[in-house]
Amino acid sequence: MEFRIENYFIKAFIASMLLALVMMAIALGLIYLFRFGPPIPPSVILVMTAVSFVLSASFFERYEVGSIMWSTLVSLIITFLLTLVSGGVIYFLSVNSLGWEEFLSSLAACTIISMALLNHLKRILGTIEC
């Protein structure tokens, strides 16, 4: 079964909303991290770091574009982002003190910012290809 969206406006809206939701989860994850500490056990964080390190090291080795230091940096960033997203989901589902108005306002702001980021990224990638 293949799901295809042909309309450019729908694609842009979906991409912008997904990026906005990820941005909201990261922001709520930061709140959770500073209020309550890490949202997941250190052993799980270590496993995420190990898996992302192996995947990034094999990617950099395959395309011969990086080193072990770049793999370490990428794995730490991926682990940090995944930890924040999981903390944001936990915060939203359990501790959430945001009302619907605050949530919708922040989602709207994140949607605008994510659309601006996506347009900028599209422009940058277009100049790199040419």
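Located above this text is the structure these notes cover.
Attention here is on the structure that accompanies the text. Bear in mind that the values here come from a model prediction, so they are computed numbers and not experimental data. (Residues numbered from 1 in each chain as written. Predicted model: local features only at pLDDT ≥ 70, side-chain atom pairs only at ≥ 80, totals over all residues. Heavy atoms only, no water.)

**Here we look at the overall build of the protein chain**
Cut-off, in case you're wondering: Helix and strand definitions follow DSSP, with helices as H or I runs of at least four residues and strands as E runs of at least two, each counted in order from the N terminus. The size measure is the radius of gyration over C-alpha atoms, and the globule rule it meets is 2.2 Å times the number of residues to the 0.38 power. The contact rule is simple, with two residues in contact once any of their heavy atoms fall within 4.5 Å. Under this rule, positive means Lys or Arg and negative means Asp or Glu; His and the chain ends count for nothing. Just so you know, the charge point we use is NZ for Lys, CZ for Arg, CG for Asp and CD for Glu.
The helix and strand inventory of the protein chain stands at 4 helices and 0 strands. Written out in order from the N terminus, the α and β elements of the protein chain read α-α-α-α. The C-alpha atoms of the protein chain give a radius of gyration of 18 Å, which is well past the 14 Å a tight globule of 130 residues would have. Dimensions of the protein chain along its principal axes, counting C-alpha atoms only, are 50 × 45 × 35 Å. Here the analysis covers contacts within the protein chain between residues at least 6 apart in sequence; of these, 74% occur between residues at least 24 apart. Taken together, the 6 basic and 7 acidic charged side chains of the protein chain have centroids lying 4 Å from each other.

**A look at the side chain of Ser 52**
What counts here: N or O atoms within 3.5 Å of each other form a polar contact, as long as, within protein, one can give a hydrogen and the other can take it, and as long as residues adjacent in sequence are counted only when both atoms are side-chain atoms.
Position of Ser 52 relative to the elements: it lies in helix H2 (residues 42-63). One polar contact links the side chain of Ser 52 to the main-chain carbonyl oxygen of Met 48, over a distance of 2.9 Å. When neighbours within four sequence positions are excluded, Ser 52 is seen to be in contact with Ser 75, Ile 78 and Thr 79.

**Description of the environment of Ile 14**
Tracing the sequence through the fold places Ile 14 in helix H1 (residues 8-36). Separated by 14 residues in the primary sequence, Ile 14 and Leu 28 place their C-alpha atoms 21 Å from one another.

**Some details on the environment of Val 74**
Counted only if it meets this: Relative accessibility thresholds used throughout: buried, under 20% of the residue-type maximum; exposed, over 50%; partly exposed, between the two (1.4 Å probe, protein chains only).
Take Val 74: it is sitting in helix H3 (residues 68-95). The exposure class assigned to Val 74 is partly exposed, which follows from its relative accessible area of 24%. Along the backbone, Val 74 and Ser 52 are 22 residues apart, and their C-alpha atoms lie at a distance of 7.8 Å. Those residues in contact with Val 74, other than ones at most four positions away along the chain, are Ser 56 and Phe 60.

**Description of the nonpolar core**
Applied cut-off: Grouping buried Ala, Val, Leu, Ile, Met, Phe, Trp, Tyr and Cys residues that are joined through side-chain atoms within 4.5 Å yields what is termed a nonpolar core.
Counting residues in each nonpolar core, the largest one holds 5 residues, listed as Ala 20, Met 24, Phe 103, Leu 107 and Cys 110. Mapped onto this core, the elements with two or more residues apiece are H1 and helix H4 (100-129). No other element matches the 3 residues that H4 contributes to this core. Not counting residues up to four positions away in its chain, the partners in contact with Ala 20 are Leu 107, Cys 110, Thr 111 and Ser 114.

**Focus on the packing of H2 against H3**
Operational definition: Here an angle of 0 to 180 degrees is reported between the N-to-C directions of two axes, which are lines fitted to C-alpha atoms, with helices fitted over the stretch in contact. Angles below 35 degrees are treated as roughly parallel, those above 145 as roughly antiparallel, those between 65 and 115 as roughly perpendicular, and all remaining angles as oblique. Here a crossing is taken to be left-handed if its near helix is turned anticlockwise relative to the far helix by less than a right angle, and right-handed if that turn runs clockwise. Under the grouping applied here, Gly and all other residues not named as nonpolar or charged are polar, the nonpolar ones being Ala, Val, Leu, Ile, Met, Phe, Trp, Tyr, Cys and Pro and the charged ones Asp, Glu, Lys and Arg.
In contact at an axis separation of 8 Å, H2 and H3 are set at 140° when each is read in the N-to-C sense. With respect to H3, the axis of H2 lies oblique. As for the relative orientation of H2 and H3, their crossing is right-handed in sense. Packed against H2, whose contacting residues are Ile 45, Met 48, Thr 49, Ser 52, Phe 53, Ser 56, Ala 57 and Phe 60, the element H3 presents Ile 68, Trp 70, Ser 71, Thr 72, Val 74, Ser 75, Leu 76, Ile 78, Thr 79, Leu 82 and Thr 83 at the interface. Grouping the amino acids of the contact of H2 with H3 by side-chain chemistry returns 11 nonpolar, 8 polar and no charged.

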